[in-house]
Structure formats: C-alpha cells, structure tokens
Amino acid sequence: MPNESPTHRPVVLVHGFLDTGAVFRRLTSRLAAEGYTPHAINLRPNDGRIGLEALAGQLDAFANTRLAGQPFDLIGFSMGGLIARYYVQRLGGIERVGRLITLAAPHHGTVWSHLAPLPGLRQMRPGSPFINDLNRDAEVLRRVDFVSLWTPFDLLVFPARRAILANHPDIRIPTAAHPLMLSDPRVHDTLVRLLDTPR
C-alpha cells in the first residue's frame, strides 16, 4: 500500500453501476499529483443483482482492511454516492469520514432504475424504501462536510435535480453528460478545492 500523505487524509473513491475503480483513472492521477493518496475500490457484483447495503459492506471491509483506524475522505460517483451514504449513515462511517462528496448521485432516485427488477436497481427508484430511509435522517451528513456535485445535463440521473440533496450544499457544474463528471477538469478542480479546504 502506498505511504499516506502526512498533510492530507486518504481519499476513497466509489464507482457506480456497471463500473469499476478504473473509471477514476484521470481523477486518481490528479489527486496523486496534488499530494493525495487515492484508493479506487472495486465492488462486485456491480450490476444490480445485490442490494446496495451489501456493496456498502464491501466498502466497510475495504476501509477496515486498507485504512485500519485512519480517517479518510469519500467520493462516490452515481450509484456509488448512495453506497457511500449508506456506509456513512448506517455502518459507522460517520466516525471516520471527514468529507463526503457525491458526483451525479441519485439522492432522490432515477426513473431509469425501473428498467429491470433487480434488487440494487429497485433501491434506486424514486420513493423506494432504501432512498426514503437514507433521506429520513440526511441531516446527519452535516457531520461529515457533505456536498453534492451535479450537472443539469444528466440523462441518467433523471430528472437531474434528483442529484441534489435538499438542505445540503450542492455545486452545479454544466458537464455535458453523466459519465463526463469523472473527467471534466472543472469537476477535478472543484474536488481538489473542496478536499483542500481545512476542516
């Protein structure tokens, strides 16, 4: 495992539906250049066959194994934002996570999740018990310096404003499409600025 930066917390990155940690290649390079130690986790299976709670359990195991006892920052893209939230809100991550930043995460669900009756996709439907449970006590996220980044041109988290969590900070970045949130330099600049802000 690489040596952790003495001035920055490690950053764990959680991918979305059908992705792997490889989608963060550009972002991890940028973070490393800024002096951060990024860890891009791989969750399996990532195709909706299992619930998001089980994937959050994999995140918990990763944090306990690779970052034993260390505080860290957490970035979740798309479905990964909900997984990160479940870890923070339900699995004790709130005691270790300094910042939680989501990128184009369906905080209020997405209509596309109706395409297949898979457990993980059902949980991302608007008004699902999973979504309602997380949003019921979303105020607790103030303890981890939470912010959501989103694009108004998102056609996967649709309508796009479902990526905004009410009563919490959000930053609108007009990236042309959902997956481009991972490579847009404006997103990278914003992430570095947020991570660099003292807390």
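What comes next is a walk through the structure. (Residues numbered from 1 in each chain as written. Predicted model: local features only at pLDDT ≥ 70, side-chain atom pairs only at ≥ 80, totals over all residues. Heavy atoms only, no water.)

### Considerations on helix H5 (residues 129-136)
In an α-helix there are 3.6 residues to a turn, and that puts residues three or four apart on one side.
And step 1. For H5, the complete set of buried residues consists of Phe130, Ile131 and Leu134. One side of H5 holds all its buried residues, which, seen down the axis, span an arc of 95 degrees. Exposed and oriented more than 90 degrees from the buried face of H5 are Pro129 and Arg136.
And step 2. In this fold, the buried residues of H5 make contact with helix H2 (52-66) and helix H3 (79-90). (Buried < 20%, exposed > 50% of the residue type's maximum accessible area, 1.4 Å probe, protein only. Helix = DSSP H or I, 4+ residues; strand = E, 2+ residues; numbered from the N terminus. Arc of directions from axis to C-beta. Contact = heavy atoms within 4.5 Å.)

### With respect to unusual backbone geometry
And step 1. Look at the link from Arg44 to Pro45: it is a cis peptide, with omega at -15 degrees.
And step 2. Tracing the backbone shows Pro45 in the loop between strand E2 (38-40) and H2.
And step 3. Residue Pro159 is bonded to the preceding Phe158 through a cis peptide linkage, with omega at -5 degrees.
And step 4. Along the chain, Pro159 falls in the loop between strand E5 (146-150) and strand E6 (170-172).

### Let's talk about the packing of H3 against H5
The axes of two packed helices give the description: the angle between them and the distance between them.
And step 1. Where H3 meets H5, the closest approach of the two axes is 11 Å, and the angle between their N-to-C directions is 50 degrees. Here H3 lies oblique to H5, going by the angle between them. Where H3 crosses over H5, the two elements pack in a sense that is left-handed. On H5, the residues touching Leu82, Arg85, Tyr86, Gln89 and Arg90 of H3 are Phe130, Ile131, Asp133, Leu134, Asn135 and Arg136.
And step 2. Here the residues of the contact of H3 with H5 sort into five nonpolar, two polar and four charged. (Axes fitted to C-alpha atoms, helices over the stretch in contact; angles between N-to-C directions. Parallel < 35°, antiparallel > 145°, perpendicular 65-115°, else oblique. Left-handed = near helix turned anticlockwise from the far one by under 90°. Nonpolar A, V, L, I, M, F, W, Y, C, P; charged D, E, K, R; others polar.)

### Let's talk about a nonpolar patch on the surface
And step 1. Residues Val111, Trp112, Leu115, Leu155, Leu156 and Phe158 make up a contiguous nonpolar surface patch of roughly 620 Å² in combined accessible area.
And step 2. By the element assignment, Trp112 lies in the loop between strand E4 (97-103) and helix H4 (119-122).
And step 3. Trp112 sits in the partly exposed class, given a relative accessible area of 42%. (Patch = residues over 30% accessible without salt bridge, like charges linked within 9 Å, V, L, I, M, F, W, Y side chains within 5 Å. Areas by Shrake-Rupley, 256 points an atom, 1.4 Å probe, with all protein chains shown as cover. Salt bridge = Lys/Arg side-chain N within 4 Å of Asp/Glu carboxyl O.)

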